[in-house]
Amino acid sequence: MENLLSQLSFETHRVTDHDVDEAWNSLRPNGFFNPKKSGRHLSSTYLIAATVVLFVLAFVISSVVWMDSSRQLTDNKGVQVEKSTLNGQKLTFVLPDGSKVVLNAGSTLKYSKVFGQENLRQVFLDGEAFFDVVHDPKSPFVVVADKTKTTVLGTQFNVNSYSNNTETKIALVKGAVNVKNTDSELKLTPGHMVIFDNSNHKTTISAFDFDQQIAWKEGVLVCNHESLTSLTVRLERWYGVTIEVAPDAAINSNWRYHGKFRGKSLAYILEALSYPDHFKYRIVDKKVTIY
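Residues numbered from 1 in each chain as written. Predicted model: local features only at pLDDT ≥ 70, side-chain atom pairs only at ≥ 80, totals over all residues. Heavy atoms only, no water.

All right, on to the overall build of the protein chain then. Across its full length, the protein chain carries six helices and 18 strands. The contacts of the protein chain with a sequence gap of at least 6 include a subset with a gap of at least 24, amounting to 45%. When the accessible area of the protein chain is evaluated, it comes to approximately 18,300 Å², of which 55% is carbon and sulfur surface. (Helix = DSSP H or I, 4+ residues; strand = E, 2+ residues; numbered from the N terminus. Contact = heavy atoms within 4.5 Å. Areas by Shrake-Rupley, 256 points an atom, 1.4 Å probe, with all protein chains shown as cover.)

Here's what the structure looks like:
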């Protein structure tokens, strides 16, 4: 045996990667797993799968966010924001679009919680307010007051429309407004105002005195050729009081009052008004009696 083994010779051969590949190719059917290349193939597969998963996840999240935002917009459409003042109060505030509003005494302004989000800026007014509207050609600004609808893009104007008054007044300071009611539609130019008398459906357009119509927002009370009946209503709102005129009061119904009062007390104004007409007055807490 030793003689036989000594006659045998062994040759060393280095096995290369190429030899391994050839061996596997000759043994495996198509698609058979090759452990040498599996690492690279698995890495590529995992990368593609991860990319697909991330894409689907991002799509699902964005869809959920969009649906939630859309649902919130729909849910908030019927929700109203209300700003109001009592008699004797004034309020200045800014709407979501940046427009400024000065609300006079005894007034209420309402608007949707989604104000300005659907290319429409609409508010509902009962009382008096001055508007300084931010210009936005894609989103008209609409003030609904009683039976009138005032539409602007960006301007400054005043609306006086108390529910217990028969008149609605719109005064334009600058810019342009389109005003519509049940009987007519018109456009105003700066320095002019329109008065709709709902009792007789009469419409009047005229120039206006700035102080008389708009100085209230600066704390100035102006009366110009005004009856005592009309003036007492304004004084009630301005000072938050109740004014009663005694039946036997010596009041001349034809008398008209003129004056401009800045930061004056109610007693001061009543004293000034009583001088020409010689009436007397009494103030007890929040009640005023003219006799």
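Through backbone hydrogen bonds, the strands of a sheet pair up, either in parallel or in antiparallel fashion. Read from one edge to the other, the open sheet built from three strands follows the order E15-E18-E17, with strand pairing classed as mixed. Each having just a single partner strand, strand E15 (242-245) and strand E17 (281-284) make up the two edges of the open sheet. For this sheet the average axis-to-axis angle between neighbouring strands, irrespective of direction, equals 15 degrees. Here E15 runs beside strand E18 (residues 287-290); their pairing, made up of four bridges, is parallel. For Thr242, the partnering residue across the bridge sits in E18 and is Lys287. (Pairing = 2+ DSSP bridges. Axes fitted to C-alpha atoms, helices over the stretch in contact; angles between N-to-C directions.)

Looking now at the confidence of the model for the protein chain. When pLDDT is averaged along the protein chain, the result is 82; 73% of the residues meet or exceed 70. Between residues 1-13, whose pLDDT stays under 50, and residues either more than four places distant or in other chains, the model counts one contact. (pLDDT = per-residue confidence, 0-100.)

This part takes up the side chain of Asn178. Inspection of the secondary structure puts Asn178 in strand E10 (residues 177-180). Within the structure, Asn178 has its side chain in polar contact with the side chain of Glu185 (distance 3.0 Å). Other than its neighbours up to four places away in sequence, Asn178 contacts Lys149, Thr150, Thr151, Glu185, Leu186 and Lys187. (Polar contact = N/O pair within 3.5 Å; in protein donor to acceptor, adjacent residues only side chain to side chain.)

We now examine the environment of Thr168. Mapped onto the elements, Thr168 comes out in strand E9 (residues 167-174). Distance in space between the C-alpha atoms of Thr168 and Ala145 is 7.8 Å, their sequence separation being 23 residues. Look past the residues within four positions of Thr168 in its chain and what remains in contact with it is Asp146, Thr148, Asn160, Ser161, Val194, Ile195, Phe196 and Asn198. A polar atom in the side chain of Thr168 sits 3.2 Å from the side chain of Ser161.

Another aspect to go through is the side chain of Ser139. By secondary structure assignment, the location of Ser139 is in the loop between strand E5 (121-132) and strand E6 (141-145). From its side chain, Ser139 meets the backbone nitrogen of Leu120 in a polar contact 3.4 Å long. With residues near it in sequence (within four places) discarded, Ser139 still touches Asn119, Leu120 and Arg121.

What follows concerns unusual backbone geometry. Where the residue is not glycine, phi is negative for most of them; where a peptide bond is considered, it is trans in most cases. Despite not being glycine, His201 shows a phi value in the positive range, around 60 degrees. Mapped onto the secondary structure, His201 falls in the loop between strand E12 (192-197) and strand E13 (202-207). Phi at His225 takes a positive value of approximately 55 degrees, unusual for a residue other than glycine. With respect to the helices and strands, the residue His225 is situated in strand E14 (residues 220-226).

One pass over the structure, following the stated rule, counts six salt bridges. A salt bridge links Arg121 to Asp97; its shortest N-O distance comes to 2.5 Å. Of this pair, Arg121 sits in strand E5 while Asp97 sits in the loop between strand E2 (91-94) and strand E3 (100-103), placing them 24 residues apart in sequence. Residue Arg121 is classed as buried on the basis of its relative accessible area, which comes to 2%. Lys217 is paired through a salt bridge with Glu218; the nearest N and O atoms lie 2.8 Å apart. (Salt bridge = Lys/Arg side-chain N within 4 Å of Asp/Glu carboxyl O. Buried < 20%, exposed > 50% of the residue type's maximum accessible area, 1.4 Å probe, protein only.)

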